[in-house]
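# Architecture and fold: a report
The primary structure of each chain is shown beneath.
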Amino acid sequence: MGFARTCSVALVGVEGVVVEVQADLEPGVAAFTLVGLPDKSLVESRDRVRAAVVNSGADWPQKKLTVGLSPASVPKSGSGFDLAVACAVLGAAERIDPRVLADIVMIGELGLDGRVRPVRGVLPAVLAAADAGYEQVVVPESTAGEAALVPGISVLGVRSLRQLIAVLADEPVPDEEPETHGRPDPMLAGLSMPGSRAGTGIGGLPHDGPGLDLADVVGQLSARTAIEVAAAGGHHVMLSGPPGAGKTMLAERLPAILPRLTREESLEVTAIHSVAGMLPPGTSMIDVAPYCAPHHSATMQSLVGGGPGTARPGAVSLSHRGVLFLDEAPEFSGQALDALRQPLEAGLVVIARSAGVVRLPARFLMALAANPCPCGQFRVHGGECDCPPATVRRYQARLSGPLLDRVDLRVEVDPVTRNELAGYGPRGDSTQVVADRVRQARERAAARFAESPWRTNCEVPGHALRTRWPAAPGALDEAELDLERGFLTARGLDRVLRVAWTVADLGGRDRPCAQDVALALQLRTGISRGAPMTIGSGT
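Residues numbered from 1 in each chain as written. Predicted model: local features only at pLDDT ≥ 70, side-chain atom pairs only at ≥ 80, totals over all residues. Heavy atoms only, no water.

### What to know about the overall build of the protein
Within the protein, the regular secondary structure consists of 23 helices and 16 strands. Relative to its full complement of 539 residues, the protein shows a buried share of 51%. In the protein, the share of contacts with a sequence separation of at least 24, taken over all contacts with a separation of at least 6, comes to 72%. Of the roughly 23500 Å² that the protein leaves accessible, carbon and sulfur atoms contribute 52%. Averaging the coordinates of the 52 positive side-chain charges in the protein and doing the same for the 60 negative ones gives two points 4 Å apart. (Helix = DSSP H or I, 4+ residues; strand = E, 2+ residues; numbered from the N terminus. Buried < 20%, exposed > 50% of the residue type's maximum accessible area, 1.4 Å probe, protein only. Contact = heavy atoms within 4.5 Å. Areas by Shrake-Rupley, 256 points an atom, 1.4 Å probe, with all protein chains shown as cover. Lys, Arg positive; Asp, Glu negative; His and termini not counted. Charge placed at Lys NZ, Arg CZ, Asp CG, Glu CD.)

See the structure below:
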C-alpha cells in the first residue's frame with residue numbers, strides 16, 4: 001500500500017482554509033475516487049491530473065486510487081487543487097519521496113499537457129498557509145510575484161508539472177519554452193474573469209502623471225470642499241443637482257486625492273481583487289485606492305456580494321479602502337440600496353449560506369450622485385420642471401432615511417454659469433495640492449489614534465470622541481440644539497462631530513472649534529451656519 005499527503009488551500013470568501021490532500025494506493029481494479037466535498041470543477045480534476053501526469057513523462061499507477069481532501073466538512077471548489085492532487089498521487093506511487101511533500105502547500109491548475117496554469121486567489125491562499133505555520137508554497141510561475149508579497153514564506157514558481165517533479169526528486173530541471181507567438185499569454189487567462197473589469201467599472205485612478213485633475217472642475221467650491229473633507233476623513237458624501245453640473249466629474253476625481261494604501265491595506269485590497277478575478281495580469285500589488293462605479297441596474301448580490309454556491313465579493317468589497325460611486329443613485333433598486341446600511345456602519349459584509357457564513361471586508365467611501373427629480377430641473381433657476389409634486393416626492397424618497405442618515409456630507413451642486421466656464425470665476429486647487437492637504441490631515445488623525453484600533457475619523461465611535469477627544473468648550477452647542485429640535489438624530493450628531501474633527505485636521509487645529517462644527521452642520525444639513533465653505537486657497 002502506498003500513501004502520501006501534501007497540502008493546498010480552500011477559499012471561503014477571502015479567507016483560506018488549509019486542506020490536506022491525501023492519496024492512497026491499494027491493490028485492485030484501477031479506479032480514481034475523489035472524496036472530501038468537492039464541487040463539479042474539482043471532480044473534473046481526475047481527468048486533468050491523469051492526462052497531465054502521463055504527458056509529463058511519469059507513469060500513472062494502475063491500482064485502486066483514493067484521494068481525500070481533509071477536512072471533509074469544508075466545501076471545496078475550483079481547479080487550484082490539481083497540483084497538490086498530482087503530487088500526492090506521485091508520492092503514493094513513490095515517484096516522489098512522500099516525506100518531501102508533507103510540509104509543502106501547492107496551488108495551481110494543470111493543463112492536459114502538464115503545464116501549470118494560474119488560478120484566482122493566490123494571495124489570500126498563501127496568507128492562509130503562512131498563518132497556519134507553513135513555510136513553503138508552490139504556485140504557478142505567473143503568480144509567483146503575487147505569492148511573494150507574503151513575508152516569511154518561501155515561494156517556488158513552476159511552469160510545468162515536469163519541472164516540479166524534477167525539483168522535488170532532486171533531478172535536473174528541464175527548460176520550458178515560453179509562449180512567443182506575439183499573442184497574449186494563454187497562461188494568464190485564469191487570473192481574470194472575462195468582462196468583469198469593464199462590466200463593473202473597476203479601475204484604479206493614478207496618483208501621478210496625466211489624469212483627472214480637480215482643477216478641471218469649474219466652480220462648485222462648496223462641492224469641492226465636501227469632496228476634500230470626505231477624502232480626509234473617509235466620510236460618505238452625496239452630491240445633488242441638475243444634469244451637467246459636474247457631479248460625476250467630482251466623484252471620478254475623488255480617488256486621486258486619497259493617500260496611497262499602506263502595505264497592510266494593499267494586501268487586503270489585492271487579496272479581494274485576486275479572489276474576484278479583478279487583479280490585472282502582471283500586477284503583484286494594488287497600492288492606490290480602488291474605484292468602483294456599478295451601473296444603476298446592479299442587483300443586490302452584485303453590490304454586497306453573494307451569488308450561487310460560495311459567496312463572491314461584491315462592489316462594496318471591491319471598493320474596500322477606496323471609493324464606491326453610485327451615479328444616478330435613486331435609479332438603483334430600493335432593496336440594493338438598503339442592503340448597504342450594514343456595510344456602511346460595520347465596515348464588513350456578513351453573508352449567510354447553507355454551507356457557512358462568509359465575512360467580506362467593506363470599509364469604503366461611498367459617493368452618491370442624484371438628480372432632484374426625474375427630469376433634473378426641480379428648483380433650478382431658469383429650469384422648466386414638468387414633474388408633479390407627488391412625482392418629485394416619490395423620486396426623492398427612493399433614498400431611504402436610514403441610508404441618508406449614514407451619509408455625512410450632503411451638498412447641492414448648482415449649474416455652472418457662463419462666467420465660470422469662461423474662466424472669470426474663482427478656480428479651485430489642483431489635485432496635487434488637495435491631495436497634500438488630505439495626506440497631512442490623515443497624518444494628524446493617525447497620530448491622534450496611534451494607540452487605538454481606529455485609523456480615520458469616520459471609524460471612531462461617537463462615545464470615544466466625546467470622552468477621549470472632546471471638542472472645544474461650547475463648540476457643540478448649536479449641534480446639540482439641532483438634536484433637541486429633531487433636525488439631527490443621535491447618530492447624526494456623532495457624524496457631525498467626526499466631520500468637525502476632519503475639518504479641524506485640515507485646518508491644522510488641535511481640536512474642533514465652533515466654526516468647525518458649523519461647517520460640519522452646513523455640509524450635513526445644507527443650511528447655512530455662517531461658516532465659509534472653502535478650505536485652502538481657491539484662486
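### Describing unusual backbone geometry
Here the bond from S70 into P71 is cis, since omega is 10 degrees, no more than 30 degrees from zero. Within the secondary structure layout, P71 lies in the loop between β4 (64-70) and α3 (82-92). In this model, D170 sits at a positive phi of 55 degrees, which is unusual for a non-glycine residue. Within the secondary structure, D170 sits in the loop between α7 (161-168) and α8 (196-200). Given the relative accessible area of 72%, D170 is considered exposed.

### Focus: the packing of aromatic side chains
Throughout the structure, instances matching the rule amount to three aromatic pairs. Their ring planes at 40 degrees and their centres at 5.6 Å tell us that F32 and W60 sit as a pair that is tilted. With F32 in strand β3 (residues 31-35) and W60 in the loop between α2 (45-55) and β4, this pair connects stretches of sequence that are 28 residues apart. Among the residues examined, F32 registers a relative accessible area of 9% and is labelled buried. Given a relative accessible area of 13%, W60 falls into the buried group. With 6.3 Å between their ring centres and 80 degrees between their planes, W454 and W469 make a pair best called edge-to-face. Taken as a pair, W454 in the loop between α19 (431-448) and α20 (462-467) and W469 in the loop between α20 and α21 (477-485) lie far apart in primary sequence, 15 residues in all. Overall, W469 belongs to the buried group, its relative accessible area being 11%. (Phe/Tyr/Trp six-rings, centres within 6.5 Å; stacked < 30°, edge-to-face > 60°.)

### Focus: the sheet that holds strand β15 (residues 365-370)
The parallel open sheet is built from five strands, whose spatial order is β11-β12-β15-β10-β16. This sheet does not close on itself; its edge strands, each paired only once, are β11 (291-292) and β16 (409-412). Strand direction decides the pairing type here: strand β10 (residues 237-240) and β15, joined by four bridges, are parallel. When the bridges of β15 are listed, V237 appears paired with A367. (Pairing = 2+ DSSP bridges.)

### So, the side chain of R253
Residue placement: R253 occurs in the loop between α10 (247-252) and α11 (263-276). For R253, a relative accessible area of 5% puts it in the buried group. Sequence-distant contacts of R253, defined by excluding residues within four places in its chain, comprise L212, D213, L214, D216 and V217.

### Section: the pairing of strand β1 (residues 2-12)
Alignment of β1 against strand β2 (residues 15-26), held across 11 bridges, turns out to be antiparallel. Counterpart to F3 in the pairing with β2 is D24. What sits between β1 and β2 in their antiparallel hairpin is a turn of two residues, with G13 showing a positive phi close to 70 degrees.

### Thoughts on the pattern of salt bridges
Tallied over the entire structure, the rule returns 30 salt bridges. D436 serves as the salt-bridge partner of R439, at 3.9 Å between the closest nitrogen and oxygen. Within this pair, R439 and its partner D436 are both found in helix α19, separated by three residues, close to a single helical turn. With relative accessibility at 28%, the residue D436 sits in the partly exposed group. Salt-bridge contacts for D482 lead to R529; the nearest nitrogen and oxygen are separated by 2.7 Å. (Salt bridge = Lys/Arg side-chain N within 4 Å of Asp/Glu carboxyl O.)

### Some remarks on the environment of D386
By the secondary structure assignment, D386 is in the loop between β15 and α16 (389-396). Along the primary structure D386 and G376 are separated by 10 residues, whereas in three dimensions their C-alpha atoms are 9.9 Å apart.

### Some details on the confidence of the model for the protein
Confidence in the prediction of the protein, expressed as mean pLDDT, is 88, and 91% of residues score 70 or more. Note that pLDDT drops below 50 for residues 194-210; the model gives that stretch 35 contacts with residues more than four away or on any other chain. (pLDDT = per-residue confidence, 0-100.)

### Some details on the environment of L168
Tracing the backbone through its elements, the reader meets L168 in helix α7. Taking the C-alpha atoms as reference points, L168 and V100, 68 residues apart in sequence, are found 7.0 Å from one another.

### As for the environment of D414
For D414, the position within the fold is in the loop between β16 and α18 (418-421). With a relative accessible area of 51%, D414 lands in the exposed category. For the pair D414 and R50, spaced 364 residues apart in sequence, the C-alpha separation works out to 66 Å. For D414, the residues in contact, after removing those within four places along its chain, are Q220 and A245.

### Some points on the state of the cysteines
Counted according to the given criterion, the structure contains zero disulfides. Here C292 is not disulfide-linked; the sulfur of C458 is the nearest cysteine sulfur, at 18 Å. Its sulfur unpaired, C387 is 3.6 Å from the next cysteine sulfur, which belongs to C375. (Disulfide = S-S within 2.5 Å.)

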